[in-house]
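Below, each chain spelled out in residue letters.
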Amino acid sequence: MAKAVAVVSALCFLALASLAHAQEAFTVKGRVYCDPCRVEFQTSLSKSIEGAEVELQCRVRENGTVTVSQKATTDANGNYELSAQGDHEEEICEVVSVSSPSQECNVPFGENKARVLLTQNNGVQGTDRYANALGYKTTEANPDCKAILQEMGYIPDEDQI
C-alpha cells in the first residue's frame, strides 16, 4: 500500500510539474536601431530608435495559424520586451519590426524579423530569449560611413587598391 501511495504521489507531482512547465511565460528581449550607413548591421554610427513598434508572432508550422500575437514599443534605448505564455516548440515564432517613428530613419531592412525559440526543450536554460537586433535605414548614407567601414575592413583603403 505504501508503494502504491508513493507511485501515485510521484505521478501527481510529475503531472503538476509538466502542467506548470507548459504554462511558463517566456520573455523575449531585443533592440531596434537606425543604420545611417545602409549596410544592415550595427556600426559605431548606429543609434537606438525610441518608439519603434515590434510584434511577436507564433504560427503553427503546418497551416500558419497565428497562436500568439503581441506588440511592444521600444524604450529610450531602443529596447523592447514581449511576453508569451506556454511552450511553442512546434511553432515558428518571430519578432517582426512594424514601424519606426523616426522621419529620417524609416526604411526597413530587407528581412526585418528575428526568429526566437520559445521552448524549454532546446537546451536553453531559463525563460529569457534574446532576438537579433532589428533595424531601419536612412534614405541616404552618412558621409562618415566610408571611414567607419574602411576601419572595419569592409572597404579597402585607397592605397590598397
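Everything that follows concerns the structure shown earlier in this document.
This section reports on the structure supplied with the text. (Residues numbered from 1 in each chain as written. Predicted model: local features only at pLDDT ≥ 70, side-chain atom pairs only at ≥ 80, totals over all residues. Heavy atoms only, no water.)

Turning our eyes to something else, we now look at the state of the cysteines. Here the structure, examined in full by the defined rule, presents three disulfides. In this model Cys34 forms its disulfide with Cys105; the gap between the sulfur atoms is 2.1 Å. Torsion about the S-S bond of the Cys34 and Cys105 cystine: about 110°, corresponding to right-handed handedness. Pair noted here: Cys34 is in strand 1 (residues 25–35) and Cys105 is in the loop between strand 6 (91–99) and strand 7 (107–108), with a separation of 71 residues, a long-range link. For Cys34, a relative accessible area of 11% translates into the label buried. Of the residues examined, Cys105 reaches a relative accessible area of 1% and is grouped as buried. (Disulfide = S-S within 2.5 Å. Helix = DSSP H or I, 4+ residues; strand = E, 2+ residues; numbered from the N terminus. Buried < 20%, exposed > 50% of the residue type's maximum accessible area, 1.4 Å probe, protein only.)

Further remarks concern the sheet that holds strand 6. What the four strands build is an open sheet, ordered 4-3-6-8; its pairing is antiparallel. Looking along the sheet, the strands with just one partner apiece sit at the ends: strand 4 (66–73) and strand 8 (113–116). When the angles between neighbouring strand axes are averaged without regard to direction, this sheet yields 20°. (Pairing = 2+ DSSP bridges. Axes fitted to C-alpha atoms, helices over the stretch in contact; angles between N-to-C directions.)

By the bridge criterion, eight bridges tie strand 3 (residues 53–60) to strand 6 in an arrangement that is antiparallel. Residue Glu53 lies in a different strand from strand 6, and its bridge partner there is Ser99.

All right, on to the environment of Thr65 then. Residue position: Thr65 is located in the loop between strand 3 and strand 4. Accessibility expressed as a relative area gives 41% for Thr65, which makes it partly exposed. Residues Thr65 and Glu91, spaced 26 residues apart in sequence, show a C-alpha to C-alpha distance of 9.5 Å. The contact partners of Thr65, leaving out residues within four places of it in the chain, are Cys58, Arg59 and Val60. A polar atom in the side chain of Thr65 sits 2.8 Å from the side chain of Asn63. (Contact = heavy atoms within 4.5 Å. Polar contact = N/O pair within 3.5 Å; in protein donor to acceptor, adjacent residues only side chain to side chain.)

Turning to the packing of aromatic side chains, a few remarks are in order. For the coordinates displayed, the defined rule picks out two aromatic pairs. Taken together, a centroid distance of 5.7 Å and an interplanar angle of 75° make the contact between Tyr33 and Phe109 edge-to-face. In this pair, Tyr33 is assigned in strand 1 and Phe109 in the loop between strand 7 and strand 8, connecting sequence segments 76 residues apart. Classification of Tyr33 as buried rests on a relative accessible area of 3%. According to the relative accessible area criterion, Phe109 is buried, its value standing at 9%. (Phe/Tyr/Trp six-rings, centres within 6.5 Å; stacked < 30°, edge-to-face > 60°.)

This next bit is on the nonpolar core. With 23 residues, the main nonpolar core has Leu56, Tyr80, Val95 and Leu118 as its most contacted residues. Elements that contribute at least two residues to this core include exactly strand 1, strand 3, strand 4, strand 5 (79–85), strand 6, strand 8 and strand 10 (134–137). Ranked by residues supplied to this core, first place goes to strand 1 with four residues. (Core = buried A, V, L, I, M, F, W, Y, C linked by side-chain atoms within 4.5 Å.)

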